[in-house]
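Summary of the model geometry
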Amino acid sequence: MTKNQLNEVINSILNNGDELSTVVYAVLKDTFEVKQLNIVNDEILYIQNMFIESIRNTIIENEEQVLLNVSIADDRGNAIFLYDLDLPKGLNFLNTELNDQLPIFSFNNDELTDIDSLIIEIGTEEQQLKLYKKLSPVEIFGRGGYMLWKSNNQLERFDDKILRFTPKFHSIMINGEIIFTDLKLLETSHGFHDIIIREANLSVQLIADLDILEETDGITEMLSSVTFARKVLKILQ
């Protein structure tokens with residue numbers, strides 16, 4: 001997939017106007033269970049428009065942006081990353097089939113502080129895209145401390161929790177592909193390093209099996225460095 005092809009596929013969905021609908025799902029901490037959030041319809045439309053604008057600003061209208069495979073990604077700044085490796089265990093929830101059979105997030109059993117991340121599905125019955133958004137500590141108010149809010153002309157204690165929606169997202173899933181906008185988050189949050197090192201080891205083993213090099217032990221020893229492992233993958237692809 002090229003960047004232009006990605007733009008075309010995204011536009012083919014977002015250009016459906018009033019036919020678009022949006023569903024938001026919560027991914028729970030520890031279990032990574034996916035539950036549907038029950039959000040008032042008027043607010044869903046606002047959320048939908050906010051993320052559509054974010055997709056356009058982040059990807060479609062960024063003409064200088066390049067699309068790189070994650071396995072050979074480098075440190076260039078204006079890039080997004082097509083995931084071309086096995087998903088690490090911590091990201092398997094991205095393969096969850098989103099439908100009405102998933103449980104509803106219920107305040108009888110769940111807390112906003114249980115939410116690790118969000119999946120925002122936007123589209124029509126025929127075609128959808130999904131956004132993955134890792135929540136930061138400032139996007140759930142009430143996790144700790146002592147909160148005050150305005151009450152007439154005074155401040156009084158606020159004991160509840162608030163989920164704050166911001167337009168930033170960390171990946172977009174479309175037509176079976178996952179494109180990350182934030183490689184640093186991927187590297188630090190989801191066991192991605194183990195995948196890179198494993199793939200590099202497999203590549204070095206293939207070289208050894210083909211007798212291309214007389215000695216590969218020195219290379220193998222250095223593969224514990226993710227930076228070196230990524231360089232090996234980039235050379236061999």
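These remarks concern the structure in this document. (Residues numbered from 1 in each chain as written. Predicted model: local features only at pLDDT ≥ 70, side-chain atom pairs only at ≥ 80, totals over all residues. Heavy atoms only, no water.)

In this structure, I10, I55, I115, L129 and I172 are the most contacted members of the largest nonpolar core, which totals 36 residues. At the level of secondary structure, the elements contributing two or more residues to this core comprise helix 1 (3–14), strand 1 (21–28), helix 2 (41–60), strand 4 (79–82), strand 5 (115–123), strand 6 (128–134) and strand 11 (171–174). In terms of nonpolar packing, the next biggest core, distinct from the first, is built from 28 residues, Y25, V27, L68 and L91 among them. (Core = buried A, V, L, I, M, F, W, Y, C linked by side-chain atoms within 4.5 Å. Buried < 20%, exposed > 50% of the residue type's maximum accessible area, 1.4 Å probe, protein only. Helix = DSSP H or I, 4+ residues; strand = E, 2+ residues; numbered from the N terminus.)

A cluster of like negative charges, contributed by D18, E19, E125 and E126, occupies part of the molecular surface. Looking at where E125 falls in the secondary structure, it is placed in the loop between strand 5 and strand 6. (Patch = residues over 30% accessible without salt bridge, like charges linked within 9 Å, V, L, I, M, F, W, Y side chains within 5 Å. Areas by Shrake-Rupley, 256 points an atom, 1.4 Å probe, with all protein chains shown as cover. Salt bridge = Lys/Arg side-chain N within 4 Å of Asp/Glu carboxyl O. Lys, Arg positive; Asp, Glu negative; His and termini not counted. Charge placed at Lys NZ, Arg CZ, Asp CG, Glu CD.)

Glancing now at helix 2. Over its 20 residues, helix 2 runs 27 Å from end to end, which matches the ideal 28 Å to within 8%, given 1.5 Å per residue. Residues of helix 2 that are buried in the fold lie against helix 1, strand 1, strand 4, strand 5, strand 6 and strand 11. (Expected span 1.5 Å × (residues − 1). Contact = heavy atoms within 4.5 Å.)

Glancing now at the sheet that holds strand 1. As summarised here, the arrangement of the eight strands in space is 2-1-5-6-11-12-4-3, forming an open sheet in which the pairing is mixed. Both outer strands of the open sheet, strand 2 (34–36) and strand 3 (66–69), are each paired with one neighbouring strand and no more. Ignoring which end each strand starts from, the neighbouring axes of this sheet average 25° apart. Pairing between strand 1 and strand 2: three bridges, direction antiparallel. Counted as the bridge partner of A26 is K35 from strand 2. Taken strand by strand, helix 1 contacts strand 3, strand 4, strand 5, strand 6, strand 11 and strand 12 (177–180), and its axis lies near 75° from that of strand 11. The strands touched by helix 2 are strand 1, strand 4, strand 5, strand 6 and strand 11; relative to strand 1, the strand with the most contacts, the crossing angle is about 85°. (Pairing = 2+ DSSP bridges. Axes fitted to C-alpha atoms, helices over the stretch in contact; angles between N-to-C directions.)

Counted as a void, the second largest pocket has a volume near 300 Å³. Lining the second largest pocket are 14 residues, and of these L37, N38, I39, L163 and F165 sit closest to its centre. Here the element with the most residues in the lining of the second largest pocket is helix 2; it accounts for four residues. The residue inventory of the lining of the second largest pocket, partitioned by class, reads eleven nonpolar, one polar and two charged. (1 Å grid on protein atoms, 1.4 Å probe; cavity = no way out; pocket = protein on both sides within 12 Å on 5 of 7 lines; lining within 4 Å. Points joined across faces, edges and corners; volume = space filled by probe spheres on them. Nonpolar A, V, L, I, M, F, W, Y, C, P; charged D, E, K, R; others polar.)

Let us now look at the packing of aromatic side chains. The final tally for this structure, using the stated rule, is four aromatic pairs. For the ring pair F32 and F93, a centre distance of 5.6 Å and an interplane angle of 10° mean the geometry is stacked. Highlighted residues: F32 in the loop between strand 1 and strand 2 and F93 in the loop between strand 4 and strand 5, separated in sequence by 61 residues. Classification of F32 as partly exposed rests on a relative accessible area of 33%. Residues F93 and Y132 carry aromatic rings whose centres are separated by 5.7 Å and whose planes lie at 55° to one another, so their mutual orientation is tilted. In this pair, F93 is assigned in the loop between strand 4 and strand 5 and Y132 in strand 6, connecting sequence segments 39 residues apart. The pair F93 / Y132 is uniform in exposure class, with both members buried. What links up through ring pairs into an aromatic cluster is the set F32, F93 and Y132. (Phe/Tyr/Trp six-rings, centres within 6.5 Å; stacked < 30°, edge-to-face > 60°.)

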